[in-house]
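# Overview (structure and organization)
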Amino acid sequence: DAGVIQSPRHEVTEMGQEVTLRCKPISGHNSLFWYRQTMMRGLELLIYFNNNVPIDDSGMPEDRFSAKMPNASFSTLKIQPSEPRDSAVYFCASSAGGPETQYFGPGTRLLVL
Amino acid sequence: DAKTTQPPSMDCAEGRAANLPCNHSTISGNEYVYWYRQIHSQGPQYIIHGLKNNETNEMASLIITEDRKSSTLILPHATLRDTAVYYCIVRSYSGAGSYQLTFGKGTKLSVIP
């Protein structure tokens with residue numbers, strides 16, 4: 001099992017540019033989670049999907065952030081336009097649903113200059 | 001969600017048992033206790049979880065008090081690779097078939113040679 005796959009692993013961009021982060025969950029998992037981690041705020045849940053449907057996006061910081069899950073094997077988190085305060089590590093996690101354990105990807109380290 | 005309280009940091013000598021405490025005095029009867037750890041620059045890694053009974057797996061043991069108000073994660077023979085931030089999480093059900101993990105600040109465990 002390849003685990004949760006995230007790309008890119010590192011992203012450096014300039015303020016105002018569009019950023020797209022990608023996630024491939026573990027095969028057979030039907031829940032997918034996007035988290036953001038910063039030194040100031042720790043690890044925060046941004047949004048989660050169940051069976052490709054967004055369940056709760058209350059953690060999404062503002063309208064500049066959007067997430068999609070077009071099918072069971074792919075999800076994107078988009079920031080447009082990006083700002084320096086968006087610099088963080090973004091993690092994707094998946095689970096088999098219900099109370100099952102969440103498995104995290106290696107993260108995408110985003111730096112917005 | 002039940003809140004958890006953990007010491008901010010702990011040291012442990014290599015080869016000795018590491019005992020990481022967690023207080024969750026407001027836990028509800030159907031809430032599980034989960035432990036994750038995050039090694040520097042990696043995504044959080046699942047360790048173990050339990051409801052009432054003590055649990056053991058290849059990584060660690062989880063001891064939950066009879067009143068369920070606290071628990072202890074035990075790494076029986078700590079190695080330098082166990083140096084990480086350890087998160088104790090009480091898992092709640094957020095409805096619509098999905099479960100959230102709310103990460104606190106955790107305990108930074110330093111294993112010393």
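Here is a short report on the structure shown in this document.

Cut-off values and rules
Residues numbered from 1 in each chain as written. Chains lettered and ligands numbered in written order. Predicted model: local features only at pLDDT ≥ 70, side-chain atom pairs only at ≥ 80, totals over all residues. Heavy atoms only, no water. 1 Å grid on protein atoms, 1.4 Å probe; cavity = no way out; pocket = protein on both sides within 12 Å on 5 of 7 lines; lining within 4 Å. Points joined across faces, edges and corners; volume = space filled by probe spheres on them. Helix = DSSP H or I, 4+ residues; strand = E, 2+ residues; numbered from the N terminus. Nonpolar A, V, L, I, M, F, W, Y, C, P; charged D, E, K, R; others polar. Core = buried A, V, L, I, M, F, W, Y, C linked by side-chain atoms within 4.5 Å. Buried < 20%, exposed > 50% of the residue type's maximum accessible area, 1.4 Å probe, protein only. Contact = heavy atoms within 4.5 Å. Polar contact = N/O pair within 3.5 Å; in protein donor to acceptor, adjacent residues only side chain to side chain. Pairing = 2+ DSSP bridges. Salt bridge = Lys/Arg side-chain N within 4 Å of Asp/Glu carboxyl O. Disulfide = S-S within 2.5 Å.

Moving on, we come to the layout of surface pockets. In this structure, the largest pocket spans a volume of roughly 730 Å³. Looking at the lining of the largest pocket, the elements with two or more residues in it are strand 4 (31-38), strand 5 (42-50) and strand 9 (88-95) of chain A together with strand 8 (84-93) of chain B. Each residue belonging to the lining of the largest pocket can be placed in one class, and the counts come to 11 nonpolar, 10 polar and 4 charged.

Formed by 21 residues in total, the largest nonpolar core has its most connected members in W35, L73, Y86 and L109 of chain B. Breaking this core down by element, the ones donating at least two residues are strand 2 (18-23), strand 3 (32-38), strand 4 (45-50), strand 6 (61-64), strand 7 (70-75), strand 8 and strand 10 (107-112) of chain B. It is strand 8 of chain B that provides the largest number of residues to this core, a total of 4 residues. Setting aside residues up to four positions removed in sequence, L109 of chain B forms contacts with M10, D11, C12, A18, L20, L75, D82, T83, A84 and Y86 of chain B. Listed in part, the 20 residues of the second largest apolar core include V19, L21, A88 and V112 of chain A.

Within the secondary structure layout, Q37 of chain A lies in strand 4. Among the polar contacts made by the side chain of Q37 of chain A, one reaches the side chain of Q38 of chain B at a distance of 2.8 Å. Excluding residues that lie within four positions of it along the chain, Q37 of chain A makes contacts with G42, L43, A88, V89 and F91 of chain A together with Q38 and Y87 of chain B.

Moving on: the environment of L20 of chain B. All names here are of chain B. In this structure, L20 sits in strand 2. Residue L20 is classed as buried on the basis of its relative accessible area of 0%. Residues L20 and E31, 11 residues apart in the sequence, show an inter-C-alpha distance of 20 Å. Residues within four places of L20 in sequence aside, it is in contact with M10, W35, S71, T72, L73, Y86, T107 and L109.

Before going further, it helps to examine the sheet that holds strand 5 (residues 55-56) of chain B. Across a sheet, paired strands are connected by hydrogen bonds in the backbone, their directions being either parallel or antiparallel. All names here are of chain B. Judged by pairing direction, the sheet is antiparallel, and its 4 strands sit side by side in the order 2-7-6-5 without closing on themselves. Strands with a single pairing partner mark the edges of an open sheet, and in this sheet they are strand 2 and strand 5. Relative to strand 7, strand 6 runs antiparallel, the two being bridged by 4 bridges. Within the sheet, the bridge partner assigned to I64 lies in strand 7 and is S71.

Before going further, it helps to examine the interface of chain A and chain B. Across the boundary between the two partners, chain A contributes 20 residues, which contact 20 residues of chain B. At the boundary of chain A and chain B, one finds 0 salt bridges. Applying the counting rule to chain A against chain B returns 3 residue pairs in polar contact (both at pLDDT 80 or more). Secondary-structure elements contributing two or more residues to the side of chain A that touches chain B are strand 4, strand 5 and strand 6 (53-56) of chain A. Of the residues belonging to the side of chain A that touches chain B, the class tally is 10 nonpolar, 7 polar and 3 charged.

This part covers the state of the cysteines. Applying the stated rule across the entire model yields 2 disulfides over all chains. The side chain of C23 of chain A participates in a disulfide bridge whose partner is C92 of chain A; the two sulfur atoms lie 1.9 Å from each other. Disulfide C23 of chain A-C92 of chain A: the torsion about the S-S bond is -70°, which places it as left-handed. Residue C23 of chain A is located in strand 3 (residues 19-24), and its partner C92 of chain A is located in strand 9; the two are separated by 69 residues in the primary sequence. Linked covalently through their sulfurs, C22 of chain B and C88 of chain B form a disulfide whose S-S length is 2.1 Å. Because the torsion about its S-S bond is -80°, the bridge between C22 of chain B and C88 of chain B counts as left-handed. In this pair, C22 of chain B is assigned in strand 2 and C88 of chain B in strand 8, connecting sequence segments 66 residues apart. Comparing C22 of chain B with C88 of chain B, the two get one shared label, buried. Between C12 of chain B, a cysteine without a disulfide, and C22 of chain B, which holds the nearest cysteine sulfur, the sulfur-to-sulfur distance is 18 Å.

Without other data, these values stay purely geometric and don't point to any function.
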